[in-house]
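Each chain, written out:
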Amino acid sequence: MSVAEKKGRVYETDDICALRGEAGGPDRFFVRCTLAVHLLDAPGVSRWGLWAEISGEDSVIIRDAWDDPGQDRLPPMQARLSNRVQGYPDTIDLPVSLRLTGPSTRPELSFPADSLHPFVQECLRGVSTHRVKEWLDGMASE
Amino acid sequence: MNYSAALVGQRLLSVEKRDRSWFFSLSEDVRVATESPWRLLSEGRIVVTSEDDGHPFGLPEPVDAASKVLATVSNRTVETAEIDASTGDLTVDFGGSTRLQFLQMSCGYESWRLYAHGSETICLGAGEIAHFLKR
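Every chain is numbered independently, its residues counted from 1 as its sequence is written. Lettering of chains starts at A and numbering of ligands starts at 1, both following the order in which they are written. Residues qualify for local features only when their pLDDT is at least 70, as the model is predicted, and side-chain atom pairs are given and counted only at 80 or more; totals for whole chains, interfaces and linings, by contrast, use all residues. No hydrogens and no water enter the side-chain calculation; it runs on all heavy atoms of the structure.

Peer 1: What's the story with the interface of chain B and chain A in this structure? I'm lost.
Peer 2: Often, the extent of an interface is quoted as the loss of accessible area upon association of its parts. The interface is formed by 19 residues belonging to chain B together with 26 residues belonging to chain A. When chain B packs against chain A, close to 2,000 Å² is buried across both sides, 53% of that on carbon and sulfur atoms. The working definition used for a salt bridge is a side-chain nitrogen of Lys or Arg within 4 Å of a carboxyl oxygen of Asp or Glu. The salt bridge involving B:Glu110 is made with A:Arg106; its shortest N-O contact spans 2.6 Å. Distance and chemistry together define a polar contact, namely a pair of N or O atoms within 3.5 Å, with one atom able to donate a hydrogen and the other to accept it when in protein, and with adjacent residues in sequence counting only for side-chain atoms on both sides. Taken together, the links from chain B to chain A amount to seven residue pairs in polar contact (both at pLDDT 80 or more). Sorting the residues of the side of chain B that touches chain A by element identifies strand 10 (119-123) and strand 11 (129-132) of chain B as the ones contributing at least two each. Comment: elements are numbered from the N terminus, with helices defined as DSSP H or I runs of at least four residues and strands as E runs of at least two. In terms of residue count, the dominant contributor to the side of chain B that touches chain A is strand 11 of chain B (four residues). Residues that form the side of chain B that touches chain A fall into these classes: nine nonpolar, five polar and five charged. At least two bridges found by DSSP between two strands are what make those strands a pair. Judged from the three bridges that link them, strand 4 (residues 45-54) of chain A and strand 11 of chain B form a sheet pairing that is parallel. The contact rule is simple, with two residues in contact once any of their heavy atoms fall within 4.5 Å. Here the buried area means the combined drop in accessible surface, using a 1.4 Å probe, for two parts upon being joined, counting both sides. Each residue gets one of three labels, nonpolar for Ala, Val, Leu, Ile, Met, Phe, Trp, Tyr, Cys and Pro, charged for Asp, Glu, Lys and Arg, and polar for the others, Gly among them.

Peer 1: How should the side chain of A:Arg106 be read in this particular structure?
Peer 2: Counting through the fold element by element, A:Arg106 comes out in the loop between strand 6 (95-99) and strand 7 (108-110). A polar atom in the side chain of A:Arg106 sits 3.5 Å from the backbone oxygen of A:Asp14. If near-sequence neighbours (up to four positions away) are discounted, A:Arg106 is found in contact with A:Asp14, A:Asp15, A:Arg32, A:Thr34, A:Thr101, B:Glu110, B:Ile122, B:Leu124 and B:Phe132.

Peer 1: Help me understand the environment of A:Pro26 in this model?
Peer 2: Counting through the fold element by element, A:Pro26 comes out in the loop between strand 2 (16-19) and strand 3 (28-38). By relative accessible area, which is 68% here, A:Pro26 ends up exposed. With a 1.4 Å probe rolled over the protein chains alone, any residue whose accessible area is under 20% of its type maximum counts as buried; one over 50% counts as exposed, and the rest are partly exposed.

Peer 1: Could you clarify how one ought to interpret unusual backbone geometry in this entry?
Peer 2: A negative phi angle is the norm for most residues apart from glycine, just as the trans form is the norm for most peptide bonds. All names here are of chain B. Of note, the phi angle at Glu28 is positive, near 55°, even though the residue is not glycine. Residue Glu28 is classed as exposed on the basis of its relative accessible area of 57%. Residues other than glycine seldom take positive phi values, yet Ser97 does so here, at roughly 65°. Counting through the fold element by element, Ser97 comes out in the loop between strand 7 (90-93) and strand 8 (99-102).

Peer 1: Sorry, what's going on with the nonpolar core here?
Peer 2: One broad rule of soluble globular proteins: the nonpolar side chains tend to lie buried together. Throughout this description, the term nonpolar core refers to a set of buried Ala, Val, Leu, Ile, Met, Phe, Trp, Tyr and Cys residues connected via side-chain atoms within 4.5 Å. One finds A:Leu35, A:Trp48, A:Leu98, A:Leu109, A:Phe111, A:Phe119 and A:Trp135 to be the most contacted residues of the largest nonpolar core, which totals 31 residues. Ignoring sequence-local partners within four residues, the contact set of A:Trp48 consists of A:Cys33, A:Thr34, A:Leu35, A:Val37, A:Val85, A:Phe119, A:Cys123, A:Trp135, A:Met139, B:His131 and B:Leu133. Ranked by size, the runner-up nonpolar core spans 29 residues in total, among them B:Val48, B:Val78, B:Val92 and B:Trp112.

Peer 1: What is the right way to read the pairing of strand 4 of chain A from this model?
Peer 2: Across a regular strand the side chains alternate sides, sitting on one face of the sheet and then on the other. Residues and elements named next belong to chain A. Burial analysis of strand 4 places nine of its ten residues in the buried class, which makes it a mostly covered element. Here strand 3 runs beside strand 4; their pairing, made up of ten bridges, is antiparallel. Its bridge partner lying in strand 4, Phe30 is registered against Glu53. The antiparallel pairing of strand 3 with strand 4 creates a hairpin that spans six residues between the two strands, and Gly44 there sits at a positive phi of about 90°. The sheet contact formed by strand 4 and strand 5 (residues 77-81) spans two bridges and is antiparallel. If you follow Ala52 over to strand 5, its bridge partner there is Leu81.

Written as structure tokens, this is what we have:
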């Protein structure tokens, strides 16, 4: 997308992105989230930062609840992954569940337990710190 | 775990304050941005902190924190960079006991962000670290 086209069609911040539909197509909405992956050989988690595409209806719900301290009581929303993760079959459009966590914290993603996608399975199982380093090396070489 | 390898070998080129945000630009398109406190240590003492910027301390000119940082580290390269596993504080070590520390002071708000080669590492509230892919 050219800079001029982007200026006319895209609204984006560090947290959200809205893309006006082409030729009368539907607008698209994206939220920047995190995905926690348990570490198998160390305390805590490693977090991916990923974009998720949400429906227009959910974009309104999220916008209205953005500063609401009680937003974490909203039910999870169905969304789709919007990043390609290197080293796996295409991860675009993988189904995810999106949950709001609070006005000062990013929404969290989780994968359905029955997915057969290798990235999902690895995230659900948890990873070693060595594997996280491999992930980071992959990000750096993109 | 070393989440900050992109900083190693880099030189600090500029330090800039815009509104409440600080921007530290290093060579090879690596940057650190923060709205949280940071401090520069050298030879076992605090050289300057973000809290000192603009304070007169009885001197002819108020403290220019950016200039103090550049004067201290401009000829050095980053030897190591580490993230504290508990707090998320980022310590950038320029060798010779000179360290630049980016602090996380909140259980809720994000603090420093490291931009390197298009990806972004963010210190989340409470000190967790998240790695964001390119858009």
